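# Remarks on the overall topology
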Amino acid sequence: MIGLVLRRLLASIPTLLAVILLSFVLMRFAPGSPFDGERPLDPETRAALDAAYGLDQPIPVQLGRYLLHLAHGDFGPSLVYRDFTVTDLIHSGLPVSLTIGGLALISALGGGIMFGLMAVLRPDGPLDRGLMLSMTLLTALPTFVTGPVLALVFALWLGWLPVAGWAAGAPRYLVLPVLALALPSMGAVAKLTRAGLAQVMEQDHIRAARARGKTGWRLISHHALRPALLPVVSYAGPAAAGLLTGAVVIETVFALPGLGRYVVQGALNRDYPLVLGVVTLYAALIILFNLLADILYGWLDPRVRG
Amino acid sequence: MNRLRLALPAGLVGLVLLAAWLLPSLLPWDYRVIDWDHVSAPAATPGHVLGTDSVGRDLLSRTLVGTRITMMVAIAAAFVSLIIGVLWGAIAGWCGGKVDALMMRIVDALYALPFMFVVILLMVVFGRSILLVFIGIGAVEWLTMARVVRGQMLALRHRPFILAAEAAGAKAGFIVFRHALPNMAAVILAYLLLTVPQVVMVESFLSFLGLGVQEPMTSLGILVKEGADDMDVYPIALLVPGGVLVTLVVCLTVLGERLRDRWAA
């Protein structure tokens, strides 16, 4: 197991380097500069700024320096938010994004597995068909439509919840963003659970358990659920990644002080270290989530431990 | 019943597309023109069936034109992804062995990238050209297509008719394009259909963030963004474009999944 984890971590280094290289080169090819303001700077100030941030060096040198600093855990200074380092901004934004994303992942898994179970109890019954149709609809819902619509209905019309804002993570402020973010993944999880269970229910060990008189809920929870959840587990890694990306929109819609908006703002402002830092961090998180999902998979399915 | 399961989503998509292409020229107000007498007009104002937005532009006409642009971007991007994905998958599946292993390793590695961020960066780099928007989107949406085509190609590679063509001295490119690819056309078409709603989502996502299609052109993503900004006074501006977007994405996804299940089984 430890060998597998180490091997996967080693294999992720090239992927991470590729992400950094790609983002670095793309950002530098973009026209414009972080120091373009309303008034053009005089050339001397401009040259001094470029020199201070090392932007006057050739690109390979800049890249080398960046990687060297990164290896020491230093994401560099933000070029636009002048008094902050990228690490400061990540420290303030990451907890918000992780809270929203984590809660959305938990709701998606919990709700999805529950709906999948409800559907499979009476296969092809009206509840099954109705649930699966609504879950298909859920998977196709874009968060930037559901977010504003949920805010419109539950905040503006019904007045039950606040429209937007963070308020230091007060639960009332979390409900709508988490729900909007979780719905599409919840649909996918429900469909996977339903399909996985339906497949497992045909297998010999279930027939054997039935022959021993086990039925209904006990049959599912003790014998069918564990193998049936394998597809859900392999989906959880990519889903976590999708939730992180989806958080970019949700943070914009609900005016949350998360990390996602720094990607968009930073890219528009040409704040190179900020964008690079956030993209690198997200890439590392995505690799980590996929690894965790694989470890969990190995724990649930002894056949792949090898 | 079975026929209806395909006909219903197909019919809805067809209806929306037909309206988006034919109706705008019949409406009294162009999607860019400001009606100074009716700014923020409610629905059912004379001349404006759905009313106007906060600068006095006809909402129905904007929604229809936005749908058209979103769909054009989506179809073009799906086409780009089709070309890259089919070529990549066909070459990997045909060559097999080390070439296949390497090409699929690359696909696996690309799957692990935070793609939305790469797209955002691409949009920033290549400025605001709509052409590059869809090339950029197509360039990141081809991975699934490559996997599917490669799987199909591996399955076909040692079938008698392919071997016979090889034995008859046909060139590899000829066999791939004239024998192998037509054989999997149905599967490719189903996955192409599934790519379209995904691209619609990416385009709307980018436009929503202000990185995709730019004013004065419009798209469903821009309209949803505008509607979300004014939703306290004018909810219909959010609900109509949002509804069209969701309808399109849902119908195309359902259509693609059902055709895939039917053809790929």
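Residues numbered from 1 in each chain as written. Chains lettered and ligands numbered in written order. Predicted model: local features only at pLDDT ≥ 70, side-chain atom pairs only at ≥ 80, totals over all residues. Heavy atoms only, no water.

Below, the discussion takes up the overall build of chain A. A count of helices and strands for chain A gives 12 helices and zero strands. Across chain A, helices and strands are ordered from the amino to the carboxyl terminus as α-α-α-α-α-α-α-α-α-α-α-α. Overall, the C-alpha framework of chain A stretches about 85 × 55 × 30 Å when taken along its three principal axes. Counting only residues that meet the buried cut, chain A has 48% of its 306 residues in that class. For chain A, long-range pairs separated by at least 24 residues make up 71% of all intrachain contacts whose partners lie at least 6 apart in sequence. (Helix = DSSP H or I, 4+ residues; strand = E, 2+ residues; numbered from the N terminus. Buried < 20%, exposed > 50% of the residue type's maximum accessible area, 1.4 Å probe, protein only. Contact = heavy atoms within 4.5 Å.)

At the interface, 39 residues of chain A touch 34 residues of chain B. For chain A, the biggest contributors to the area lost against chain B are Leu 26, Ala 140 and Phe 144 of chain A; these three give 18% of the whole. In this assembly, chain A and chain B are joined by one salt bridge. Across the pair Lys 191 of chain A and Glu 257 of chain B runs a salt bridge whose closest N-O atoms are separated by 3.4 Å. (Buried area = accessible area lost by both parts, 1.4 Å probe. Salt bridge = Lys/Arg side-chain N within 4 Å of Asp/Glu carboxyl O.)

A separate point is helix H5 (residues 130-140) of chain B. All buried positions along H5 of chain B are accounted for by Val 133, Phe 134, Gly 136, Ile 137, Gly 138 and Val 140 of chain B. The secondary structure elements touched by the buried residues of H5 of chain B are helix H2 (59-95), helix H4 (115-125), helix H6 (143-156) and helix H9 (185-208) of chain B.

Residues and elements named next belong to chain B. Scanning the model with the defined rule gives four aromatic pairs over all chains in all. Note on Trp 88 and Trp 142: the rings are 5.1 Å apart at their centroids and 50° apart in plane angle, and the pair reads as tilted. Placement of the pair is Trp 88 in helix H2 and Trp 142 in the loop between H5 and H6, with a sequence separation of 54 residues. Under the relative-accessibility criterion, Trp 88 is labelled partly exposed at 23%. The residue whose ring lies beneath Arg 157 is Trp 94, and the NZ or CZ to ring-centre distance is 3.8 Å. If you follow Lys 225 out to its NZ or CZ, it ends over the ring of Phe 208, 5.4 Å from the centre. (Phe/Tyr/Trp six-rings, centres within 6.5 Å; stacked < 30°, edge-to-face > 60°. Lys NZ or Arg CZ within 6 Å of the ring centre and 35° of its normal.)

For the rest of this paragraph, the subject is the environment of Pro 184 of chain A. All names here are of chain A. Counting through the fold element by element, Pro 184 comes out in helix H7 (residues 171-200). A relative accessible area of 16% means that Pro 184 is categorised as buried. Between the C-alpha atom of Pro 184 and that of Leu 131, which follows or precedes it by 53 residues, the distance is 14 Å.

With that settled, the discussion passes to the confidence of the model for chain A. Confidence in the prediction of chain A, expressed as mean pLDDT, is 81, and 96% of residues score 70 or more. Here helix H2 (residues 43-52) of chain A is the element of chain A with the lowest mean pLDDT, 77, and helix H4 (residues 86-121) of chain A is the one with the highest, 88. (pLDDT = per-residue confidence, 0-100.)

This brings us to the nonpolar core. Counting residues in hydrophobic clusters, the biggest one holds 140 residues, and the most contacted among them are Ile 120 and Leu 206 of chain B. Contacts of Leu 206 of chain B, omitting those with residues within four sequence positions, involve Val 119, Ile 120, Met 123, Ile 137, Leu 211 and Gly 212 of chain B. Core analysis: the next-biggest nonpolar cluster, separate from the first, contains 15 residues, Val 200, Met 201, Ile 206 and Leu 219 of chain A among them. (Core = buried A, V, L, I, M, F, W, Y, C linked by side-chain atoms within 4.5 Å.)

Residue and element names in this part refer to chain B. Within the secondary structure, Asp 100 sits in helix H3 (residues 97-111). Engagement of the side chain of Asp 100 in a polar contact is seen with the side chain of Arg 150, the distance being 2.7 Å. Ignoring anything within four residues of it in the chain, the contact list for Asp 100 reads Ala 92, Gly 93, Arg 150 and Leu 154. (Polar contact = N/O pair within 3.5 Å; in protein donor to acceptor, adjacent residues only side chain to side chain.)

This brings us to the packing of H6 of chain B against helix H8 (residues 172-183) of chain B. Residue and element names in this part refer to chain B. At a minimum axis distance of 10 Å, the contact between H6 and H8 shows a crossing angle of 110°. In terms of their interaxial angle, H6 and H8 are classed as roughly perpendicular. Contacts between H6 and H8 involve Val 149, Met 153 and Leu 156 on the former and, on the latter, Val 176, Ala 180, Leu 181 and Asn 183. Class assignment for the residues of the contact of H6 with H8 results in six nonpolar, one polar and no charged. (Axes fitted to C-alpha atoms, helices over the stretch in contact; angles between N-to-C directions. Parallel < 35°, antiparallel > 145°, perpendicular 65-115°, else oblique. Nonpolar A, V, L, I, M, F, W, Y, C, P; charged D, E, K, R; others polar.)

Notably, Ala 255 of chain A is not glycine yet its phi reads approximately 50°, a positive angle. The topology assignment puts Ala 255 of chain A in the loop between helix H10 (230-253) and helix H11 (260-269).

Residue and element names in this part refer to chain B. For chain B, the mean per-residue pLDDT works out to 82, and 91% of the residues sit at or above 70. Across chain B, element-level confidence peaks in H2 with a mean pLDDT of 89 and bottoms out in H4 with 73. Two summary scores accompany this predicted model of the complex, namely pTM at 0.81 and ipTM at 0.76.

A contiguous nonpolar surface patch, about 590 Å² in accessible area, is contributed by Leu 156, Trp 157, Leu 158, Trp 160 and Val 163 of chain A together with Leu 239 of chain B. Relative to the helices and strands, Leu 156 of chain A resides in helix H6 (residues 143-157). (Patch = residues over 30% accessible without salt bridge, like charges linked within 9 Å, V, L, I, M, F, W, Y side chains within 5 Å. Areas by Shrake-Rupley, 256 points an atom, 1.4 Å probe, with all protein chains shown as cover.)

Relative to the elements of secondary structure, Ser 204 of chain B occurs in helix H9. Taking relative accessible area as the criterion, Ser 204 of chain B reaches 0% and is therefore assigned buried. In contact with Ser 204 of chain B, other than residues within four places in its own chain, are Phe 144 of chain A together with Thr 70, Gly 221 and Leu 245 of chain B.

Further remarks concern the packing of H7 of chain A against H10 of chain A. The packing of two helices is summarised by the inter-axis angle and the distance between the axes. All names here are of chain A. Running from amino to carboxyl end, H7 crosses H10 at an angle of 160°, the nearest separation of the two axes being 10 Å. Taken together, the axes of H7 and H10 are roughly antiparallel relative to one another. For the crossing formed where H7 meets H10, the hand is right-handed. Taking contact as the criterion, the partners of Pro 177, Ala 180, Leu 181, Ser 185, Ala 188, Val 189, Leu 192 and Thr 193 in H7 are, on H10, Pro 231, Val 232, Tyr 235, Leu 243, Gly 246, Ala 247 and Ile 250. Of the residues that constitute the contact of H7 with H10, the class distribution is 12 nonpolar, three polar and no charged. (Left-handed = near helix turned anticlockwise from the far one by under 90°.)

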